[in-house]
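Residue-level structural notes
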Amino acid sequence: MGYRLTKAERELMKPGKCTACGADAPTGRNSAGRCYRCHNAQYYQRKADRAAWREEQRRKGREYWAGRGVVVGDAVEAIVSDMLTGGLLACRVLRGVARVGAAGAYVHVPGDAKQYEPYRFKPAV
Ligand SMILES: [Zn+2]
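The paragraphs below set out a description of the structure included in this document. (Residues numbered from 1 in each chain as written. Predicted model: local features only at pLDDT ≥ 70, side-chain atom pairs only at ≥ 80, totals over all residues. Heavy atoms only, no water.)

**Examining the nonpolar core**
Ranked by size, the top nonpolar core spans 13 residues in total, and within it Trp65, Val76, Leu94, Val107, Tyr116 and Phe121 carry the most contacts. Breaking this core down by element, the ones donating at least two residues are strand 3 (75–83), strand 4 (89–101) and strand 5 (104–108). (Core = buried A, V, L, I, M, F, W, Y, C linked by side-chain atoms within 4.5 Å. Buried < 20%, exposed > 50% of the residue type's maximum accessible area, 1.4 Å probe, protein only. Helix = DSSP H or I, 4+ residues; strand = E, 2+ residues; numbered from the N terminus.)

Dropping the structure here:
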């Protein structure tokens, strides 16, 4: 089901004075009563904020890896245990690549869409 505008929002979308800058908006306003110029400015501001946040996450990710002696793009590996039927633990080596993204540092394992937590991985030998 789509989002339905409230009565107040429908009122605000009619042509009138922008609630942010006070300019006339004869062609209509957004659901917060802003003229298209303020609406766009807010949109680009949010977009810029998100981009800055992502860049900050990537920077933190690189810092995390650097603190562990790993350069982004380096091969890393972790020993993981698999629970087998009968309750036996089998260990295997999970190999991946150190990466950074919007979630900070993570490990990409080829052929696996999951972003692995980096803390169990160490530089591959
Ligand atoms: Zn405005």
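**Examining the pairing of strand 5**
The buried count for strand 5 comes to four of five residues, which makes it a mostly enclosed element. Across five bridges, strand 4 lies against strand 5 in antiparallel orientation. The residue bridging Val100 from the neighbouring strand is Ala105, located in strand 5. Counted along the chain from strand 4 to the antiparallel partner strand 5, the turn is two residues long. Looking at chain direction, strand 5 and strand 6 (residues 115–116) are connected through two bridges and run antiparallel. Residue pairing across strands places His108 opposite Gln115, the latter belonging to strand 6. Hairpin remark: strand 5 followed by strand 6, antiparallel, with six residues in the connecting loop; positive phi at Gly111, about 80 degrees. (Pairing = 2+ DSSP bridges.)

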